[in-house]
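# Inside the fold
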Amino acid sequence: MKKMRWTKIMLAGLLAVSVTACGGPKQEASGSGSPGAAQGTKADDTKAEAANTDSQSTETDSKEENSGGDISIGVMATLTGYPLNGEHMRNGVLLAIDEINKNGGVLGRKLSANVQDCSNTTDIGINAINKLVSENVVGVIGPHYSTQGLAVESIIKQGKVPMLVGGTSPKFVSDVDNDYLFRIRASDTLQASAAVSYLVDSCGATKVAILHGSDDFGTGGMQVATAYLDSAGIPYCIQSFNNEDTDVTSQILKCINEKCDGVMIWATEAAYPIVARQMYELGLTAPTITNPSLAVDSCLAQLEEDWVEGWYCVTDFLSNNPTDKIQNFMKAYREAYGENESIDLHCAAYYSAVYALVDGIERAGSTDGEAVAKALRETKGVEGLVGDFNCNEDGEMIHEIILGQCKGLSIEYIDVIR
């Protein structure tokens, strides 16, 4: 196969747009239904059908592997906790699998998905990865959150199963040595440094308030931002909170009293309704920039326009990005799942991750985990929706981020930062 085959197949699948019911991907575990099966049904019916199959699982043993059965891809999706994230992850994966199967599969075999709910807790995430490794998946897509990814990376290393994670914490590079771990979104080192530099260079901030979640994700973003500000000689005020806190008044008042004229927020979606509302109520109206959570539909749906009007964010994906590949993906996704379905970075990032993994399988010429991981380390120029995949020595595969601005509870595309 030629090096760019999977880029061409992705583009061909998107240009075809319509998704038919025949030949859809086989799903071995929770979260049923191929994109093809979703066509002609209501989105709610598809989700209910998926929920009813959460306990189903078909183990792929070595005999099936050798006899040419389906190649099983594991998926760790947050189907409970932050359910929309997980549904979008799963939908993106299944859409990519459906397109690839329609184009002949990989290594002469069809792909199927083994989707496990990793919820929003470490214990459930560990159970999910142990199950996937025991069922001989060729690789794992997800999890999305850094804390879970860091908790399970040693298991995939021991099992020699490549894992393509969406977590953006710097700890994946600074604290982890794992040749089976790959990141398919821009790291916080890029995201947070781009965010804080925009506050300083474009918004003219002379003292920056950093409001961050106390988890690995939030702390990682804070550390990247403070390193940048230290190097630039810009003072700052750091205030942390738990993502589930219902009151951050004291933290916001501290930032106001410190006369901060720029704000960076780095937290999961759960924190935004409280932080945004209380910033508005208390009068912290300085230019504000956030991590990608603000660009997610499920987050925006919990906010009031006045709270966040004019805020900036860095993000992986915007549905109003005018490029053909993004708009074709939007059409294909809605053909599969319904015209009213929201589409965000979770759909796009994990759709693209399947193509990156399959490119590695194809170049390896094998489903052996060690061979696939080696091939993934050599990934160059695989086109994706959140940037092109080019793997470096740390397993980082994406090296760009989008800058957007909130207007009328919609994030408008400004530019790409590399």
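Right, let's walk through the structure included here. For every chain, the first residue of the written sequence is number 1, and numbering continues from 1 along that sequence. Only residues with pLDDT of at least 70 are given local features in this predicted model, and only at 80 or more are side-chain atom pairs given and counted; all residues enter the totals for whole chains, interfaces and linings. The side-chain figures draw on all heavy atoms in the structure; neither hydrogens nor water molecules are used.

### Overview of the overall build of the protein chain
- Counting from the N terminus, the helices are the DSSP runs of H or I reaching at least four residues and the strands are the DSSP runs of E reaching at least two. Of regular secondary structure, the protein chain possesses 17 helices and 13 strands.
- Three labels apply to residues, based on accessible area from a 1.4 Å probe with only protein chains included: buried if under 20% of the type maximum, exposed if over 50%, partly exposed otherwise in between. For the protein chain, the proportion of its 418 residues judged to be buried stands at 59%.
- Residue pairs in contact within the protein chain that sit at least 24 positions apart in sequence constitute 69% of those at least 6 positions apart.
- We get accessible surface area from the Shrake-Rupley algorithm with a probe of 1.4 Å; when it comes to residues, only the shown protein chains can shield them. Accessible surface for the protein chain amounts to roughly 15,500 Å². Of this, 46% is attributable to carbon and sulfur atoms. A contact between two residues is defined here by any heavy atoms of the two lying within 4.5 Å.

### What to know about unusual backbone geometry
- The amide bond that connects Gly 142 to the next residue, Pro 143, takes the cis arrangement and shows omega of 5°.
- Within the element layout of this structure, Pro 143 appears in the loop between strand E4 (139–141) and helix H7 (146–159).
- Despite not being glycine, Asn 136 shows a phi value in the positive range, around 60°.
- Structurally, the position occupied by Asn 136 is in the loop between helix H6 (122–134) and E4.
- We note that Lys 259 has phi near 60°; this positive angle belongs to a residue other than glycine.
- Within the secondary structure layout, Lys 259 lies in the loop between helix H11 (249–257) and strand E9 (262–266).

### Here's the deal with the packing of H11 against helix H12 (residues 272–282)
- The axes used here are C-alpha line fits, helices contributing only the stretch in contact, and every angle between their N-to-C directions lies in the interval 0 to 180 degrees. Close contact between H11 and H12 brings their axes to 10 Å; oriented N to C, the two are set at 50°. It follows that H11 is oblique to H12 by the angle criterion. The handedness of the crossing between H11 and H12 is right-handed. From H11, Thr 249, Ile 252, Leu 253 and Ile 256 reach across to H12, where they touch Val 275, Gln 278, Met 279 and Leu 282. Any angle between 65 and 115 degrees counts as roughly perpendicular, while under 35 counts as roughly parallel, over 145 as roughly antiparallel, and the rest as oblique. Left-handed describes a crossing whose near helix is turned anticlockwise from the far helix through less than a right angle; right-handed describes the clockwise counterpart.

### Re the sheet that holds E9
- Strand pairing follows a simple DSSP-based rule, namely that at least 2 bridges must link the two strands. One open sheet holds the 7 strands; their spatial order is E8-E7-E9-E10-E11-E12-E13, and the pairing between them is mixed. Strands with a single pairing partner mark the edges of an open sheet, and in this sheet they are strand E8 (236–241) and strand E13 (411–417). Each adjacent strand pair in this sheet contributes to an overall mean axis angle of 20°, direction not counted.
- In this sheet, E13 lies alongside strand E12 (residues 401–406) in antiparallel orientation, the contact comprising 6 bridges. Each bridged residue has a counterpart across the sheet, and for Ile 401 the counterpart in E13 is Ile 417.
- Strands in contact with helix H9 (residues 188–201) are strand E7 (208–213), E9, strand E10 (288–290), strand E11 (312–315), E12 and E13; relative to E9, the strand with the most contacts, it is inclined by about 165°.

### Focus on the environment of Gly 360
- Locating Gly 360 in the fold gives a position in helix H16 (residues 345–364).
- According to the relative accessible area criterion, Gly 360 is buried, its value standing at 0%.
- Considering only alpha carbons, one finds Gly 360 and Leu 376, 16 residues apart in sequence, at a separation of 5.0 Å.
- When residues no more than four places from it in sequence are discounted, the contact partners of Gly 360 are Val 372, Ala 375 and Leu 376.

### Overview of empty space enclosed by the protein
- Here the term cavity refers to a set of points on a 1 Å grid, laid over the protein atoms alone, in which a 1.4 Å probe fits but cannot get out; the term pocket refers to an open set having protein on both sides within 12 Å along at least five of seven lines, with lining residues being those that place an atom within 4 Å of a point. Grid points are joined across faces, edges and corners, and a volume is the space filled by probe spheres set on the points. Inspection of every chain in the model, using the stated rule, returns 2 cavities of 30 Å³ or more.
- The calculated volume of the largest cavity comes to roughly 170 Å³.

### Thoughts on a negative patch on the surface
- Without a salt bridge and with relative accessible area above 30%, a residue can belong to a patch; like charges are then joined within 9 Å and nonpolar side chains (Val, Leu, Ile, Met, Phe, Trp, Tyr) within 5 Å. What makes a salt bridge here is a side-chain nitrogen of Lys or Arg within 4 Å of a carboxyl oxygen of Asp or Glu, nothing more. For this count, His and the chain ends are skipped, Lys and Arg are scored as positive, and Asp and Glu as negative. We put the charge of a Lys on NZ, of an Arg on CZ, of an Asp on CG and of a Glu on CD. Together, Glu 304, Glu 305, Asp 306 and Glu 309 make up a negatively charged patch on the protein surface.
- Tracing the backbone through its elements, the reader meets Glu 309 in the loop between helix H14 (305–308) and E11.

### Considerations on H11
- Gln 251, Ile 252 and Cys 255 are the residues of H11 that are buried. Seen along its axis, H11 keeps its buried residues to an arc of 95°; they face one direction. Residues Ser 250 and Asn 257 are exposed on H11 and point more than 90 degrees away from its buried face.
- Residues of H11 that are buried sit in contact with E7, E8 and H12. What the arc measures is the spread of directions leading from the helix axis to the C-beta atoms.

### A look at the packing of H16 against helix H17 (residues 369–377)
- At a minimum axis distance of 8 Å, the contact between H16 and H17 shows a crossing angle of 110°. Comparing the axis directions of H16 and H17 gives the class roughly perpendicular. Along this stretch, H16 crosses H17, giving a crossing that reads as right-handed. Along its contact with H16, which presents Ala 356, Leu 357, Gly 360, Ile 361, Arg 363 and Ala 364, the element H17 presents Ala 371, Val 372, Ala 375 and Leu 376.

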